[in-house]
Every structure is written in structure tokens, then in C-alpha cells.
Amino acid sequence: MSKFYQSIGVALLIAVFTLSSLAAKPTLTVYTYDSFSSEWGPGPQVKQAFEKNCVCILKLVGLEDGVSLLSRLRLEGKNTKADLVLGIDTSLTAEARATGLFQPHGLQLLNSTLPRSWSDDLFLPYDYGYFAFVYNREQLKNPPRSLRELVENPQGPHILIQDPRTSTPGLGLLLWIKKVYGDEADQAWAKLSSRIVTVSKGWSEAYGLFLKGEAPMVLSYTTSPAYHIIAEQDARFAAARFSEGHYQQIEVAGLVVSSKQPALGRQFLSFMLGPEFQNIIPTTNWMYPVSLEPSKLPPAFNQLIDPAPALLFSDTEIAENRKRWITEWLEVMAN
Amino acid sequence: MLNINALAFSYQSKDRQSEPMLFDLQARAGEILSLIGPSGSGKSTLLGLIAGFNAPISGQILVDAEEIQHLRPAERPVTIVFQEHNLFPHLDVFTNIALGINPSLKLSQAQRSRIIQALDKLGIGEFEKAMPGQLSGGQKQRVAIARALVREHSILLLDEPFAALGPALRGEMIELLKSIVEAQQMVALLVSHQPSDALQASETTAFVYDGRVIAQESTRKLLKESKLLEVNEYLGYL
Amino acid sequence: MASKSAYPVLGLLALLVLAPMAGLISVSHLASADAGIGELWQSRYIRRVLVFSLWQASLSTLLSTGFGLLVARAFAHRGEFRLRALMLKLFGLPLVVPAVVAVMGVVSVYGSNGWIPLGRSLYGLNGILLAHVFFNLPLAVRLLLPVWQSIPAHHWQMSDALGLSAWQQWKYLEWPALRETLPGVALLIFMLCLTSFAVVLTLGGGPRSTTLEVAIYQALRFDFDPPRAVILALLQLILCILIAWISSRFQRLPDVEITISNSSLRKSISNQLINTLFISIAAVFVGMPLLAMFIDAINGPLLQVLGNARLWSSAGFSLMIGLCAASLSIVAGWALLDTSTDLALANQKRGANLIELAGSIVYVVPPLVIGTGLFILMMPWLNVFEWTFPVVILVNAMMGLPFVIRCLGPPMRQSKMRYNRLCQSLALSGWNRFKFVDWPLLRKPLGLSAALVSALAMGDLGVIALFGSTDTSTLPLLLYRQLSAYLIPQAAVTAGFLLVFCLLVFWLLETGIGGKSRVEY
């Protein structure tokens, strides 16, 4: 008799295991920007690493850039298929908050390498970078050593920048100059404008023009030289260190309020802060991971300049003033 | 028998306006009625009305006592030969004629032989597979007439078909036309700028002036003994 | 009597333009607060943007069409020469190239390190004009050349016999023949230049060179101010309608029927030298940026990029989009032209012009506006991601309509003028008419239209970026992603591949549909 019950027990166990493995895996949909989810970005490795442990399918949807992320989410509203949004930066978080589409993540950011502590309940950072002017060491021997020097020296190098209306680095420079010059930003731009070769639509156009030699300096990130060193074994490029400090860009992720997988979403968010994810970031996204010790960064990152102090406006300050500041910039530049 | 009764028409668009035209005409089967008159008098317009390209304001077009003025061009028992562009330049002679019988080019054996016969009758049998680009003006017009032949419609309209031909060729073509029209008992209207054509082709000629047929009588009388000022002016007698 | 096929298409077009705008207005409540800073400044800003848009577009059009005319004339007078066909194919290329790649090509040639260094003066109106002429001169040449082929041989012989000078020849023979086509071509190029985006933003040098299209992009993308985007888009539309009306005043449809000529025009040695010179200059001007792109491509990691499967799958997607958009565009364009040519022949020229204008003007509505509006409309009911390709094809087909109308319109009008009555009297209509008459006679312009529209669609970057995601990859998207990921040498190879691929498709479509026959009917 007991054998009979044993065999039934075994059969039941087999049935249960088979059924549970046949059950569909939940899908976690993450909206992010193109360069994250593309084959050269962090996406493929992140997906592999997360799916190892989560019993789920991670679906990364790449939408053009960070700004499009927010617009897209606005358009989709509560009907959005996204569970998480990854890739907005802090210049947009106030507006993102105002949409009412995000819910508190409930996690804490410990061991962060950010200069200031993080207190946003809706958004968690995953990486950050600093804007800087990149130049070719062989062609420019004496780069300016401060923002003021770049602006005030009429014999200074020509530069390539991006449009703050259409690009985040462009906006970054605008905010940088605003931070350093305050109310005199207009005069600064007026002095700088004679050395601006062109104001391009996005980062890639400006960087491409720089590599073609159209100007000795281009607005990019402090981590750009790392790409050339690591991927191309080319050490000619460097970022100019400015004494006032460099403007910071922090990229964040948030949990969508209408998500059907909040637990899974939070699981991803803590994975995002964990070492596996953070290790992928430096050589795929070319930014500083937010909770990885500096000693664990690739060696080439040690050759990068120290951008301290990190300059940053609060997200409410940006939300209140962005349009006005851009308008003022237009006033100066269009004349 | 073709009867045109009080057929009224005028051009009403921005680019082309005219005084109202009013046509009255009769033509018998088996003969060619010539239409002569100064340019702009409405001869081609009249042909266009009969063929169905222009819609009259009022009036009747009767073919054997049946009204046709409401029918579309394809439904009328009419074949028209233009001054030029009668043939599709990218199709050979046989196909050009065949389109006249059946626009989908599905022909029975009988229809095919009819086409060959028409080509022979018009003396262009050797050009069956030729392209219009290889033919002379006269040969092309023969093809157009061959098409008219195979269609076996009762009305044949010709709008200055021989204008580009020399006198000898023209004479030849007119004789050919006469024999065909008589054999098939068609009603034929021939518009021409040459009064000598009318003399050769027709017993009866109509004179069109300023949108009206102001004379329809024996050709000889019209050309030699007309009392009308307009006719004599046109013929150069004044 | 006139065909009615245009009206459903017109209705559909109106729907596709107005519905998205309505959709955008409907989400205006989602717009971020603090719109409308300083109304006074805004209107001054808009006015400045308007003026600049008009200025750069007019200048570009003048240069492109003017030089295009000269070069087309040179081609016509020069007659046959060995490389002629190849050169004309070459002139079909610039349309294919995505603007961002062309800009790089222009910079390679005229930048600080280029072959003809212009230095900083490149960035400003000069650069914009250079790039625009690069794009549009070849187009003008291809669209204007057929006009010379329609001037009757005996007109040339007459002018010889009368001993007309070159100027008189122009005045009495060539100019009247051009008056049908030239305004339409100029209008098309004007629209292309007005809505040009990447060129203005990158080569413009700065905010001084802001156009309406940029302002719309900013309003929709960055500021998320849909009503403003709609207003600006409508403004752009109205502007173009005005220009179109002005240009139509200059247009003269031929009163006299134009007969074909397949004999060559007169040649004198000095004339031939000048013609060859013009043609060579044009070929060099157009060829240089293309050559620069090729050189950049060859210098890049060829094998690595070509061996990547994603390149080929992207090419496949691009091809599918191009062919579908071309088919749709041709069908719609044919329907529109069928009615408009009938109306024109019945002397109802205003109706004819209106239909053709409606078909052309859709180009001016920014794809971003249409795309976003469609997105908003579709979203509550459909999974947008599954509809990426149909929407991209649809919008690209709309963008291709003006090309179909320009290419196919005059030959269709001519063909109808000659053969309409014959076909009517032979009861040759519908499918039979198409099979035996329209297709053989109109194959060539059909082939060119198909090639042009598919080239345009294959090189499109705007619409697909909006609706696509990483999974849907076309060649231009792939290119842009590489550019954004520091992979600039790889992007150069992709750009070269895109060029060759599109050239191939262009050639295949033009000869495949157009047929090999060189005889003009």
C-alpha cells in the first residue's frame, strides 16, 4: 500500500514541476534609449545577467533618446506597456514626476559614488557622467583650464557644441554656464559665440565633425577618451579639466505606476544597483556606474580627468527655469 | 442614313468660347459627303459631336432613325480617322487594327482573317508586322482605314486624313475610300481643305461656315455656281 | 467624363493630415506647464524663423533650379555620349542619402580638412546652400531633361533655317516648352528645402539659422507642446500653399500639342565644349561628396560591418519599406493624376492644379507631426509596436507623392492628349487600356517615380525613428545608432553600403519597370 501512495506522491510531484515549468514566464518591459538596448550597449549583457536569476523575460524597448522616453510615456499614459523606464536624466525628472506616472521604488541607495546623497523616492540613478570639452592632444597643446578661460579668451580654440533645444549635452552646457556665470550667462554666451563653429542637432553630429577635424574641441563627456583608449587603443584624445568643476548628468530609472509586475520591477531595480549590472556599464554605456567602487573601474578610466566639483541644478530649479533660460540663450545666439 | 437635326453646341470653358453652333445635315449610305469651309468654322467640331467627344446642348443625331446623341463614343456605330495619331506607335500594324475589333485583343480565327483581308484590300498586306514608325504617312492612313473597314460600323468620319499626302497619292486614296464606302454601304463624312478632294470624292458636299451648314448640294454646283458670298470668298473667286 | 479616381485618394490624404493634427490637439492637456513665455517675444521669434525659412528655401531653390536648368540644357544639347546614362543614374543618388550622411560628405569636401576648404564660412547660409544644391540640382536635372525631348524636331530645324541666335532659340523654343514643368519642379524643390532639417541644424552654424521645421521638432520633442507644433505645422502648410499659388501663375500648360522628336539637336563645336563643361562641373560637384563618403567607407572596418548579420537584415527591412512605399505612392499618384489630367484636357485647369497641389503639399506636413498624431490616435486600440512598418510605409508613401506627380504628370497628360479620343472610339478602357496603351507609353516615368520614391523611403530616418524600437532596424537607423555609439568608422561603412544598395535598387527599378527602350513616345 505505501508503495502505491509513494508512486502517487512521485507522480504528483512530477506533475507539479512539469506544470510550473510550462507556466508562462512573466515579461518585464523596460523602456530605455536606443544606445542602451542596441547591440553595442549594455542591453544584451544586462538581459542575459538578469534572466539568469529572475525566471522571467526581460524586454528592452529602445526608443530614440532620453527625451523621447518621456514624451512617449506621456502619450501612452496609463495604457503604457512599460513596467520600468530607464534613461531619463535629472534635467527631466521634475517633469517626469509631474506626469504622475511613476510610483515609489521603496529602495535605498547605499554605497553610491555620487558626490551628494540621493533622496528621490521615485527615481533611482544607475550611472552618471560629466560634460567636458574633448580635444586631440596632438593638435591642441594648451587647452583652456577653466570655463572662464574658454569663454573669455578671444584667441581661444574654436568649439563644436549641440543645440540645447534638441540635445541633452547641449542643455548640459547651457546649465553649466548658467551655474558658473549666474546672471551674467548672457554675456558669457555673447563672448563665446564667435568661437562656436556650429551648433549641431545631436551629440553624434558634433562628435563626427570633431573627428573630421572641423574644430579642435567638442562638447562631450569626460569618459569619451576612455572609448578611444579601450576600443581603439588610441590615446590621443583627452578631456579638458575646468577648475570650476564640470556639470553632471545623472541617469535614472523609475517604476511605472500602472505596471503589472511591481515586484519584478523592484527586483530589477535592486539588480540595477548591484555589482553585475554596474560592471557592465563602463565599457558599454561609457559612463560612471553609480554604485561601483572606483577601484573596480577599467584601468583606462584612471587616465580620465577628475571632474570635481560636480555642478548640478536641482530638478525643480530646472523645471521652473529651463524654458526661460533657453529663450534667453536664443536671444543672444540668434543676433 | 445619317440625320443631324438642329444640333446645338458651343464651347464654354475659360480658354475656349464660341458663338453657339447649330448643325443640320443629312447623309446617305454608300456615299461620301464632303464637308468644306474655312478653318474654325466648326467642321471638326461637328465630327466630334457625331463621334461623341463633345456633348451637344440640344438636337438629335439619328442613325437609321435611331438617336445616338446620348451614347458614349464606344457605343456609337461610328469610326473616326483623325489627321494624325491614329495608330499606337508601340504596337504593330496588325495589333493596331485588331484593337478596333476587340479591345482585349482576343480574336477568333474569322476575325483574324478579316484583318488580313482588309490589309490586302488596302494594298498593305506586307506590313502586317511592321511598326508605325516604319511606315510612310500614306501607309499609316491606310492602316487607319483598314481598321475602319474591319469594324464594320455604319458611320465613317474622316478629319482631313489626307492632308499630308501628295496629289497622286491623295487621288488614289480617295478612290479607295469610295470603293470601300460603296461596298460596305457606310455613311462617310470627309472633312477636307481641298475643294478638289470634294469634287473627286462626293456627289454632295456641305459647306460649313461660322458654326452652321449654310449649303448642302451637288458638289459641282457648289464649287462652280454657288450664289453664296461666303462660298465664293472661300473658293477665292472674289 | 473625367475620371473620378482622385477623390477617394484626396479624401484619404486629407484624413491623414488632419486626423493626426486633431489627435495632437486632443492631448494638449498633457502639455507641460509654463508654455507661452512672453507672447511678444514668441511672435517675434516666430517671425524671424519664418523669414529665415523662406529666405534659405528660396535661395536654395533658385540656385538648384537655375543651375539644374543649365545642366539639363547642356545634357540635352550634348546628345549622346558614352557616360551619359551612368551620369544620369549618378544624379539619382543624392536623394537617397540620409541628410546626416550627406552633411558628413559635404564637410569632408568643404570642411577645414577637405579638398576645397572653406573653413568656418561653411557653417551658415553657405553650407546650407551647398548641401541643398547637392541634393536638388540632380533632381532638377532629371525632372527637366524630358522637356527637351518633347520639343519637336522640326522646330529645331526651323530655328536653324531662320538662323535664330541661342537667345532667340531659348526664348521661342525652349522656354515655352519649359513653362509647363518648371514651376512644378521649382515648387517641389522649394518644399524639400523648406522642410530640410538635419542640414540646417548641423551646417547652419547656430540658432540664427532656425527654420519652422526645427521649431516644430522642438515643440513636439523637447517642450512637448502639441498645440504649438500643430500651429507651426499649419503655418508651414499655408506658406507652401501660397508659394504654390504664386508658382502656378507662371505655369502655362501647352496649348498646342507637342509632338515627339527623336532626332538629335544641332551641334556646333563651341557649343559642345560649353555643354561638356557644364556637365562636367555638375558631375564633379555632385560626385565629390559622394566620393568622399565612399572613401570614408572604404577606409573603415569593411569586413566587420559587412559580416554583421544585422546589416543585412536592416537592408532587407529598408528594401521592403522602399518597395511598399513606392507601390502605394504610385497607385495613389496615378489615381490623382488620372483625374487631374482629364480635367486639364477638358480645359478645367484650376481643378487640375488643385488636385496636383493637394497631392504635392502633403510633403510639407512634418512626418513628426503626422507620425505622432497617428500614434496618439492608434494607441488606445492597437499595439503600436506591431504597426511600425505599415505606418512608416504609409507616411513615406505620402512623402513620395509629389515626386510621382512631377514625374508622371506631364507624360500622362501628353499621352492622353494624343490618344484619349482614339481610345474612347475604340472602347479601349480600364484594364485593356492600361495593358495596351498606358503601360507601354508611361513605363519610363513610372520607373523613375518608383525608383525615386523607394530611394527616398529607404533613406528615411525621421518616421522610423519615431515608431520603431531596437528590434526594427533599417539601414539609416543602424547608421544613426552606430554614430551615437562612438562607432564612427563603422557608420561610414554602413553609409557606403547604404549608397551602393540604394543605387542598385534605383537602377533595378528604373530599368525593370521603365524598360530598356530609349525611344520616346
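Residues numbered from 1 in each chain as written. Chains lettered and ligands numbered in written order. Predicted model: local features only at pLDDT ≥ 70, side-chain atom pairs only at ≥ 80, totals over all residues.

Quick notes on the overall build of chain C
Okay, step 1: Across its full length, chain C carries 20 helices and 0 strands.
Okay, step 2: Counting every position in chain C, which comprises 521 residues, the buried fraction comes to 53%. (Helix = DSSP H or I, 4+ residues; strand = E, 2+ residues; numbered from the N terminus. Buried ≥ 20, exposed ≤ 12 C-beta atoms within 10 Å, placed from the backbone.)

Observations regarding the overall build of chain A
Okay, step 1: A tally of helices and strands in chain A yields 13 helices and 12 strands.
Okay, step 2: With the C-alpha coordinates aligned to their principal axes, the bounding extent of chain A is approximately 100 × 45 × 35 Å.
Okay, step 3: Burial analysis of chain A (335 residues in total) assigns 50% to the buried set.
Okay, step 4: Once local pairs closer than 6 in sequence are excluded, the contacts in chain A between residues at least 24 apart make up 79%. (Contact = placed C-beta atoms within 7 Å.)

Things to note about the arrangement of the chains
Okay, step 1: Most contacts, when the 2 pairs of chains in contact are compared, are made between chains A and C.
Okay, step 2: Chain B makes no contact with chain A, the minimum C-alpha separation between the two being 50 Å.

Some points on the interface of chain A and chain C
Okay, step 1: On the chain C side, the residues contacting the 45 residues of chain A number 45 residues.
Okay, step 2: At the level of elements, helix H2 (34–37), strand E2 (57–62), helix H4 (66–76), strand E7 (196–200), helix H9 (203–211) and helix H13 (315–333) of chain A are the ones that each hand at least two residues to the side of chain A that touches chain C.
Okay, step 3: A breakdown of the residues in the side of chain A that touches chain C according to their chemical character gives 16 nonpolar, 15 polar and 14 charged. (Nonpolar A, V, L, I, M, F, W, Y, C, P; charged D, E, K, R; others polar.)

Topic: the domain arrangement of chain C
Residue and element names in this part refer to chain C.
Okay, step 1: Parsing chain C into structural domains produces domain 1 (1–30 + 300–348 + 375–521) and domain 2 (33–289).
Okay, step 2: The C-alpha-based centres of domain 1 and domain 2 are spaced at 20 Å.
Okay, step 3: Mapped by element, the contributors of at least two residues to the side of domain 1 that touches domain 2 are helix H1 (6–26), helix H16 (388–425), helix H17 (430–458), helix H19 (475–484) and helix H20 (488–514).
Okay, step 4: When grouped by side-chain class, the residues that make up the side of domain 1 that touches domain 2 number 26 nonpolar, 3 polar and 2 charged. (Domains from an automatic or database assignment.)

Some thoughts on the confidence of the model for chain C
All names here are of chain C.
Okay, step 1: For chain C, per-residue confidence averages 83 on the pLDDT scale, and residues scoring 70 or more make up 91% of the total.
Okay, step 2: The model gives residues 33–38 a pLDDT under 50, and that stretch makes 7 contacts with residues more than four places away or in other chains.
Okay, step 3: Every residue in residues 255–264 is under pLDDT 50, and counting partners more than four places away or in other chains gives 16 contacts.
Okay, step 4: Of the two predicted TM-score estimates for the complex, the pTM is 0.83 and the ipTM is 0.81. (pLDDT = per-residue confidence, 0-100.)

Some details on the nonpolar core
Okay, step 1: One finds A:Val218, C:Val103, C:Ile216 and C:Val369 to be the most contacted residues of the largest nonpolar core, which totals 337 residues.
Okay, step 2: Sort the elements by how many residues they give to this core and H16(C) lands first, with 18 residues.
Okay, step 3: Apart from the residues within four sequence positions on either side, C:Ile216 is in contact with C:Ala229, C:Leu232, C:Ala233, C:Pro366, C:Leu368 and C:Val369. (Core = buried A, V, L, I, M, F, W, Y, C linked by C-beta atoms within 7 Å.)

A few points about the interface of chain B and chain C
Okay, step 1: In this assembly, 21 residues from chain B lie in contact with 17 residues from chain C.
Okay, step 2: Among the secondary structure elements, those contributing two or more residues to the side of chain B that touches chain C are strand E6 (78–81) and helix H2 (93–101) of chain B.

Re the environment of C:Leu62
Okay, step 1: With respect to the helices, strands and loops of the structure, C:Leu62 is situated in helix H2 (residues 39–78).
Okay, step 2: Each C-alpha atom, one on C:Leu62 and one on C:Val133, is 9.4 Å from the other, the two residues being 71 residues apart in sequence.

A word on the domain arrangement of chain A
Residues and elements named next belong to chain A.
Okay, step 1: Per the domain assignment, the segments making up chain A are domain 1 (16–128 + 249–303) and domain 2 (130–248 + 309–333).
Okay, step 2: With centres defined by C-alpha atoms, the gap from domain 1 to domain 2 works out at 27 Å.
Okay, step 3: Taken together, the contact between domain 1 and domain 2 spans 18 residues of the former and 16 residues of the latter.
Okay, step 4: Per-element accounting of the side of domain 1 that touches domain 2 gives the leading share, 3 residues, to helix H5 (residues 93–98).
Okay, step 5: The class makeup of the residues in the side of domain 1 that touches domain 2 is 9 nonpolar, 7 polar and 2 charged.

Some remarks on unusual backbone geometry
Okay, step 1: Residue A:Ala308 is joined to A:Pro309 through a cis peptide bond whose omega torsion reads -5 degrees.
Okay, step 2: Structurally, A:Pro309 can be placed in the loop between strand E11 (288–289) and strand E12 (310–311).
Okay, step 3: We note that B:Ala6 has phi near 50 degrees; this positive angle belongs to a residue other than glycine.
Okay, step 4: For B:Ala6, the position within the fold is in strand E1 (residues 2–9).
Okay, step 5: What makes B:Ala6 exposed here is the crowd of 11 C-beta atoms within 10 Å.
Okay, step 6: A positive phi angle is found at B:Asp64, which is not glycine, with a value near 50 degrees.

Description of the pairing of strand E4 (residues 58–63) of chain B
All names here are of chain B.
Okay, step 1: The pairing of E1 with E4 spans 5 bridges and is antiparallel. Each residue of the ladder has a partner; that of alanine 8, found in E4, is serine 58.
Okay, step 2: One ladder, built from 2 bridges, connects E4 with strand E5 (residues 66–67); its direction is antiparallel. Bridge pairing in E5 links leucine 62 to glutamate 67.
Okay, step 3: Turn length for the E4-E5 hairpin, with the two strands adjacent in sequence and antiparallel, is 2 residues, and the turn residue aspartate 64 shows positive phi of about 50 degrees. (Pairing = 2+ DSSP bridges.)

Details of the pairing of E6(B)
Residue and element names in this part refer to chain B.
Okay, step 1: Both faces of E6 are covered, namely the face carrying Val78 and Ile80 and the face carrying Thr79 and Val81.
Okay, step 2: Where E6 meets strand E7 (residues 155–159), 4 bridges bridge the pair, whose relative direction is parallel. In the sheet register, isoleucine 80 faces E7, and the bridge partner there is leucine 157.

Remarks on the packing of H2(B) against helix H3 (residues 109–121) of chain B
All names here are of chain B.
Okay, step 1: For the pair H2 and H3, the least separation of the axes is 10 Å and the interaxial angle reads 125 degrees. Viewed along their axes, H2 and H3 adopt a mutual orientation that is oblique. As for how H2 packs across H3, the hand of that crossing is right-handed. Listed contacts from H3 to Phe94, Ile97, Ala98 and Ile101 of H2 are Gln111, Ile115 and Ala118.
Okay, step 2: Residues of the contact of H2 with H3, tallied by class, amount to 6 nonpolar, 1 polar and no charged. (Axes fitted to C-alpha atoms, helices over the stretch in contact; angles between N-to-C directions. Parallel < 35°, antiparallel > 145°, perpendicular 65-115°, else oblique. Left-handed = near helix turned anticlockwise from the far one by under 90°.)

Quick look at helix H3 (residues 43–54) of chain A
Residues and elements named next belong to chain A.
Okay, step 1: For H3, spanning 12 residues, the distance from its first C-alpha to its last is 16 Å, which sits close to the expected 16 Å at 1.5 Å a residue.
Okay, step 2: Those residues of H3 not exposed but buried are Gly43, Val46 and Phe50. For H3, the angular spread of buried residues about the axis comes to 65 degrees, placing them on one side. With respect to the buried face of H3, the exposed residues turned more than 90 degrees away are Gln48 and Lys52.
Okay, step 3: Looking at the buried side of H3, the elements it contacts are H2, E2, helix H11 (262–273) and helix H12 (275–285). (Expected span 1.5 Å × (residues − 1). Arc of directions from axis to C-beta.)

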